[in-house]
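# Report on the structure
The residues making up each chain are set out below.
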Amino acid sequence: MDETSKVSNFIQDIIEEDLRTGKVNKVHTRFPPEPNGYLHIGHAKAICIDFGMAEKYNGLCNLRFDDTNPTKEDIEYVDSIIEDIKWLGFDWEDRLYYASDYYDQFYDYAVTLVKKGLAYVDDLTAEEIREYRGTLTEPGKDSPYRNRSIEENLDLFERMKNGEFDNGERVLRAKIDMASPNMNMRDPVIYRILKAPHHRTGDKWCIYPMYDFAHPLEDAIENITHSLCSLEFEDHRPLYDWFLEKLEIENPPRQFEFARLNLTYTMMSKRKLRNLVENNIVDSWDDPRMPTLSGLRRRGFTPASIRNFCDLIGVSKTYSVVDYAFLEHCIREDLNKKALRVMAILDPLKVIIDNYPEDLTEEMDVENNPEAPETGTRKVPFSRELYIERDDFQENPPKKYFRLKPGAEVRLKNAYIVKCESFVKDDDGNIIEVHCTYDPESRGGSAPDGRKVRGTIQWVSARHAEDAEVRLYDHLFTKENPDDVSEDGDYMENINPDSLIVLKNCKLEPSLKGAKPGEAFQFIRTGYFCVDSKEYKKGNLVFNRTVSLKDTWAKIVKKHS
RNA sequence: UGGGAUGUAGCCAAGUUGGUGAAGGCACCAGACUUUGACUCUGGCAUUCGUAGGUUCGAGUCCUGCCAUCCCAGCCA
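Quantities reported herein were computed from a predicted structural model and do not represent experimental measurements.

### With respect to the domain arrangement of chain A
- Taken domain by domain, chain A consists of domain 1 (10–258), domain 2 (270–340 + 468–560) and domain 3 (344–458).
- Computed over C-alpha atoms, the centres of domain 1 and domain 3 are 64 Å apart.

Right under this line is the structure:
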């Protein structure tokens, strides 16, 4: 994608070697999601690797839904997965496939195995199969049905297909080695009876292939050259190769495994993410705090930032946990170039310029993005009563506080230099109003006498301000590892109670009134924000904080406290 | 105590057949610049590659032992 892809990784090394030796002529990969949940940032890594490797070496990458378990899968997930991959910017052209497209072929392959004496129908119950399998340190033992005749197996398997048996009554197993130190080779089940309608094949089938059987075959059918998956499938590779060998597949695909993505303060398990939704810890799969692609999208992350992130973290076989700050860096880097700068006050404090005419409004010129001068400028109204950020005034400030303080000057960005003359407190001692005078000679923000004003703050004209709700998001968990829990607790105890802070009384510059979902803004000196798409549909103007700006001052304050 | 894998800075991660300098990024620290305490820029940040030995003129790269961590006993993927 960019200059960083120069850095090599072991998969590139393999592909380059294969291309060099002529082992393969054209790289062909696939991304094979099971449509049983929403895609998350961990899938984005896999997508970037699968599609990225094909792209880099002028090959092809298929999108294939691995839909071999109708009890867990749904069309809803198919749709969301397609939307998310498109959003990331990858294209599979006309190569959208489903494992269910190959059910007839899988069945034939299974029959072939039976005919070769390499598969048999087992009548053991699930419970018995588990007992016969042995343990990690003890070998398993053969099922009493292991040596049925080929004819009987053929007959039984066909009757399984015809629906003559109930769920769980019989399975088809590969005949390999019950004493193998690799559990996956102890006569794995390859077909089970599942009397459940499938979202694509309806009720045509009541037996469904297992992943281990289907995967190498669908890869072979699609002429996949490099079947990339995550580390936990390493133990399955001998089985993957076994099927291809026994079924005499020519130019068989090969499987390579890489480490999946882990992020600090984040969980990737589909099951746990589902729990968050079901327990109303978040309000949906696309809650902006979720690591799902739909959540990140709603939060304001761009496809470019996520792809760049996936590029930068690299590919290896080392178990790793990437710092969330790395993701934040990537989105800041992208948005710094793209986001329009605007002024917004999240926690307003009224400022009155005593020597400014009551009913005057001036239109101040403000640059849209200094990082992209071609975006030009806009007019922002200025008047006697303004709002500034409550943080930007302090009665008794610490040293080196450059913002507004009694008797001192500060620059209102692109407007005037003002001096704090006095302030008003309510009965509880809260500052409710700051009175200033302005220097009429400093229009635009610079003083003709050349005096230096160190602090510059944002402002919004009170009578022109647009009211809006702003949602500040933070990590969903308080611990880097959400599963770092006490004796018999679970990750729920690490939920961050402040992961969402809703601010209802925010004052925005009037140009924000027309903001649309998908537009990125930098609220100057605060952070990057976007319009919440769901609230927008309901007619509400709500901004989500994508990520804050880096805050050196906060660091200094923290260090001295 | 079976099998498979992995161990390079706080984090991610390059290190091709062993050969003077242990890439790069994030984070962090120091400084410059600044009408965003942002951005940008400059400098710093592993005498050492899990560990103990061995081979070698020379090892992160080869050999041996040990240690640590992860994965596997679904009719899930």
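### Brief notes about the environment of Arg 390
- Here Arg 390 lies in the loop between β15 (385–389) and β16 (409–412).
- With relative accessibility at 32%, the residue Arg 390 sits in the partly exposed group.
- Linking Arg 390 and Tyr 211, residues 179 residues apart in sequence, is a C-alpha distance of 58 Å.
- Ignoring sequence-local partners within four residues, the contact set of Arg 390 consists of Asp 347, Pro 348, Leu 349 and Ile 431.
- Within the structure, the side chain of Arg 390 is placed 3.4 Å from the backbone oxygen of Pro 348, a separation counted as a polar contact.

### A closer look at the protein's contact with RNA strand B
- Around RNA strand B lies a shell of 67 residues, among which Ser 8, Arg 341, Phe 402, Gly 444 and Thr 552 are the nearest.
- Counting only the atoms of RNA strand B within 4 Å of the protein, the fraction contributed by sugar and phosphate is 64%.
- Between RNA strand B and the protein, one listed contact pairs a phosphate oxygen with a backbone N or O atom of Val 315 at 3.2 Å.
- Within the side chain of Gln 522, one N or O atom sits 2.6 Å away from a base nitrogen of RNA strand B.
- Of all the elements in the fold, those that place two or more residues in the surface near RNA strand B are α5 (126–132), β6 (189–193), α12 (324–338) and α14 (552–560).
- A class-by-class count of the residues in the surface near RNA strand B yields 25 nonpolar, 20 polar and 22 charged.

### Here we look at the layout of surface pockets
- What the largest pocket holds in volume is close to 1400 Å³.
- Lining the largest pocket are 48 residues, with Arg 525, Thr 526, Ser 548, Leu 549 and Asp 551 positioned closest to its centre.
- Sorting the residues of the lining of the largest pocket by element identifies α10 (293–299), α12, β21 (466–473), β25 (542–548) and α14 as the ones contributing at least two each.
- Here the lining of the largest pocket is built from residues that sort into 24 nonpolar, nine polar and 15 charged.
- Each of two domains, domain 2 (270–340 + 468–560) and domain 3 (344–458), supplies a minimum of three residues to the lining of the largest pocket.
- Here the second largest pocket defines a volume of roughly 1000 Å³.
- In terms of lining residues, the second largest pocket is bounded by 36 residues, among which Glu 34, His 43, Glu 232, Phe 233 and Lys 270 are the most central.
- Put simply, the parts of the chain that give the lining of the second largest pocket at least two residues each are β1 (28–31), α2 (41–56), α7 (211–221), β8 (226–230), β9 (254–258) and α9 (270–278).
- Broken down by class, the residue content of the lining of the second largest pocket amounts to 13 nonpolar, 11 polar and 12 charged.
- When residues of the lining of the second largest pocket are assigned to domains, at least three fall in each of domain 1 (10–258) and domain 2 (270–340 + 468–560).

### Quick word on the packing of helix α4 (residues 103–115) against α7
- As a packed pair, α4 and α7 sit with axes 11 Å apart at the nearest point and diverge in direction by 115°. Between α4 and α7, the angle falls in the class roughly perpendicular. Here α4 and α7 pass one another in a crossing that is right-handed. Note on element contacts: α7 touches α4 through Phe 213, Ala 214, Leu 217, Glu 218 and Ile 221, opposite Gln 105, Phe 106, Tyr 109, Ala 110 and Leu 113.
- Here the residues of the contact of α4 with α7 sort into eight nonpolar, one polar and one charged.

### Overview of α7
- In terms of burial, α7 is a largely internal element, nine of the 11 residues being buried.
- Asp 212, Phe 213, Ala 214, His 215, Pro 216, Leu 217, Glu 218, Asp 219 and Ala 220 are the residues of α7 that are buried.
- Looking one or two places after α7, you find Asn 223, whose phi comes out positive at around 60°.

### Quick look at the sheet that holds strand β11 (residues 344–345)
- One open sheet holds the seven strands; their spatial order is β10-β23-β24-β25-β21-β22-β11, and the pairing between them is mixed. Since the sheet does not close on itself, it has two edges, and those belong to β10 (340–342) and β11, each with one partner.
- Packing against the sheet, α12 makes contact with β10, β23 (520–523), β24 (527–531) and β25, and its axis sits at approximately 115° to β25.

### Focus: the pairing of β21
- Counting buried residues along β21, seven of its eight residues qualify, which places the element largely inside the surrounding structure.
- Relative to β25, β21 is paired through three bridges, and the arrangement is parallel. By the bridge assignment, Val 470 is partnered in β25 with Phe 543.

### Quick word on the confidence of the model for chain A
- The predicted model of chain A averages 96 in pLDDT, with 99% of residues at 70 or higher.
- Every residue in residues 1–5 scores below 50 in pLDDT, and together they form 10 contacts with partners more than four places removed in sequence or on other chains.
- Here the predicted complex carries an ipTM of 0.97, next to a pTM of 0.96.

### Structural notes on empty space enclosed by the protein
- What the rule picks out here adds up to one cavity of 30 Å³ or more.
- Here the largest cavity is characterised by a volume of approximately 30 Å³.
- Along the walls of the largest cavity sit Tyr 211, Asp 212, Phe 233, His 236, Tyr 240 and Gln 255, which together make up its complete lining.
- The residue makeup of the lining of the largest cavity, split by class, is three nonpolar, two polar and one charged.

### Topic: the pattern of salt bridges
- Summed over all chains, the structure comprises 52 salt bridges.
- The salt bridge involving Asp 449 is made with Arg 451; its shortest N-O contact spans 3.1 Å.
- Given a relative accessible area of 54%, Asp 449 falls into the exposed group.
- On the basis of relative accessibility, which here comes to 28%, the residue Arg 451 falls in the partly exposed class.
- Among the charged side chains, a network of salt bridges with common partners joins Glu 469, Arg 471, Lys 504, Glu 535 and Lys 538.

### Points about the nonpolar core
- In this structure, Ile 85, Ile 306 and Phe 309 are the most contacted members of the largest nonpolar core, which totals 49 residues.
- Mapped by element, the contributors of at least two residues to this core are α1 (10–21), α2, β2 (60–65), α3 (75–88), β9, α10, α11 (303–313) and α12.
- Element by element, the count of residues in this core is highest for α2, at nine residues.
- Per-domain counts for this core show at least three residues from each of domain 1 (10–258) and domain 2 (270–340 + 468–560).
- Other than its neighbours up to four places away in sequence, Ile 306 contacts Ile 41, Ala 44, Trp 87, Leu 88, Leu 293, Leu 296 and Phe 301.

What counts, and at which threshold
Residues numbered from 1 in each chain as written. Chains lettered and ligands numbered in written order. Predicted model: local features only at pLDDT ≥ 70, side-chain atom pairs only at ≥ 80, totals over all residues. Heavy atoms only, no water. Domains from an automatic or database assignment. Helix = DSSP H or I, 4+ residues; strand = E, 2+ residues; numbered from the N terminus. Buried < 20%, exposed > 50% of the residue type's maximum accessible area, 1.4 Å probe, protein only. Contact = heavy atoms within 4.5 Å. Polar contact = N/O pair within 3.5 Å; in protein donor to acceptor, adjacent residues only side chain to side chain. Near = heavy atom within 4 Å. Nonpolar A, V, L, I, M, F, W, Y, C, P; charged D, E, K, R; others polar. 1 Å grid on protein atoms, 1.4 Å probe; cavity = no way out; pocket = protein on both sides within 12 Å on 5 of 7 lines; lining within 4 Å. Points joined across faces, edges and corners; volume = space filled by probe spheres on them. Axes fitted to C-alpha atoms, helices over the stretch in contact; angles between N-to-C directions. Parallel < 35°, antiparallel > 145°, perpendicular 65-115°, else oblique. Left-handed = near helix turned anticlockwise from the far one by under 90°. Pairing = 2+ DSSP bridges. pLDDT = per-residue confidence, 0-100. Salt bridge = Lys/Arg side-chain N within 4 Å of Asp/Glu carboxyl O. Core = buried A, V, L, I, M, F, W, Y, C linked by side-chain atoms within 4.5 Å.

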